[in-house]
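Chain by chain, the residues:
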Amino acid sequence: MKSNIGHKTTGVAALLLLASILCIGTMPAVCAEKTITDMEGRTMTVSEPIERVVTAGYGMTPCVMAAFGIGDRIIGTGGASVSGTSVTGPGNETTATFLIPGLKNMTDFGRGPNLNVEAAVALNPDLMMLEKDCAGQGGSNLGYNKLIDQLLLFNKSFPLVIIKNAACNSPPSPDSVYSEIELLGEIFDKQDKARELTDFLKDEVNLASQRTEGIAEDEKPTVLVAALSGSADIAKGKLATVLPDYDCATLYPEITGVKNAYTGEARAVMSAEQLIALDPDVIILVRGARWKPSDLYENEDYKALQSIKAIKNKRVYSTGHMEYTRNMAGLEFPIEILIEAKAAYPEKFSDVNVGEQLTKHYKAVYDLNEDQVKRLKEEMELDWMDEEGF
């Protein structure tokens, strides 16, 4: 009897040792499991520790992980770098690659639903996070659904967590971003940090919404959100691409109080004559890179547009790379909202310096120092606000 107990004790100890080795830690805490529900309503079990993460879709999740101080857990990514885009800053950075330099040494697996599944799965992650985007891409849901079906074939190898960006709500809402942050906080045991982060972002959004709430429709200035064309298109008479409401750069008209000068339902490339016919009170440039507000005042390519009210009255502004919130930028959507709202209602925001608020934002959200803040503003083509005291 004594001998049997000894054998059983030895066997149990061996199993515990093996489990401890497999979990790279001590039982039971490090081998803990948790049940979570993702933003598609799917419930799954996630095993800890979560040290190897693949992010897919765009750059929001890497930026949240960087804000949590765990960006180094990302071993592969799709859509967080400049790969596959035509818009880059001075140093070829996105917010995600600026915050997590190691991402630049990784092969980008493809943006949005165009993920290289085989390459991503080959990394053997502990977890994959897919950010589903619903803005400005027409039937992209079909692409995402197909991708999700492919990834679920590997659900015994790793859990797939699906998050949805703001454009997946109707109308789009920052609540989706807050939910994403809270979900990641739950997954990575960063609940306190997640609450701090969402509270800060909500305060920034309120800085705009409290000033724009209740403005009558007939008191709203007309605002045109546009990307200026390059030289090849200009030679063909195509001066700018204009964006409808609820596109990548126009997600929150209910918060900004902006009245779009363009009432179409899809993006449109326009000639000088078409732009002059819209005659907006305000123009907001998107996509940054080569274009700053001064270009519309001074560049010979846009000489034909000088009769537009916004240009005559020097009311042209820029959100830099903010159109690429899901790729070029990260958690800066409140700054995009503030730029658009202040551009439309300067008198209501005379006490708000958006350039200074962006400095506070970068420091509070990502813990950046003064030099890093300056460089990231330059990368995102948002340094014009400091230059102009906007």
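As a reminder, the structure under discussion sits directly above these lines.
Residues numbered from 1 in each chain as written. Predicted model: local features only at pLDDT ≥ 70, side-chain atom pairs only at ≥ 80, totals over all residues. Heavy atoms only, no water.

A. Main features of the side chain of T198. Checked against the element boundaries, T198 lands in helix α7 (residues 191-212). Judged by relative accessible area, which is 3%, T198 ranks as buried. (Helix = DSSP H or I, 4+ residues; strand = E, 2+ residues; numbered from the N terminus. Buried < 20%, exposed > 50% of the residue type's maximum accessible area, 1.4 Å probe, protein only.)

B. Just helix α14 (residues 354-366), in detail. Taking 1.5 Å per residue, 13 residues should reach 18 Å; α14 reaches 17 Å between its end C-alpha atoms and fits that length. Taken together, the buried positions of α14 are occupied by V354, G355, Q357, L358, T359, H361, Y362, V365 and Y366. At its buried positions, α14 is contacted by α2 (60-68), α3 (95-99), α7, α13 (333-344), α15 (370-379) and α16 (384-388). One side-chain oxygen at the N-terminal end of α14 lies 3.1 Å from the backbone nitrogen of G355; it belongs to N353. Two residues or fewer past α14, D367 is found with a positive phi of approximately 60°. (Expected span 1.5 Å × (residues − 1). Contact = heavy atoms within 4.5 Å. Polar contact = N/O pair within 3.5 Å; in protein donor to acceptor, adjacent residues only side chain to side chain.)

C. Spatial organisation of the pattern of salt bridges. In total, this model carries 16 salt bridges according to the counting rule given. In this structure, the salt-bridge partner of K132 is E40, at a minimum N-O distance of 3.7 Å. Residue K132 is located in strand β5 (residues 127-132), and its partner E40 is located in the loop between β1 (33-37) and β2 (43-47); the two are separated by 92 residues in the primary sequence. Using a relative accessible area of 30% as the deciding quantity, one classes E40 as partly exposed. A salt bridge links D386 to K377; the shortest N-O distance between them is 2.7 Å. (Salt bridge = Lys/Arg side-chain N within 4 Å of Asp/Glu carboxyl O.)

D. Up close: the environment of I36. Locating I36 in the fold gives a position in strand β1. By relative accessible area, I36 is classed as buried at 1%. As for I36 and V46, which are separated by ten residues in sequence, their C-alpha atoms are 7.3 Å apart. Non-local contacts of I36, meaning those with residues more than four positions away in its chain, are made with R42, T43, M44, V46, V161, E186 and I187.

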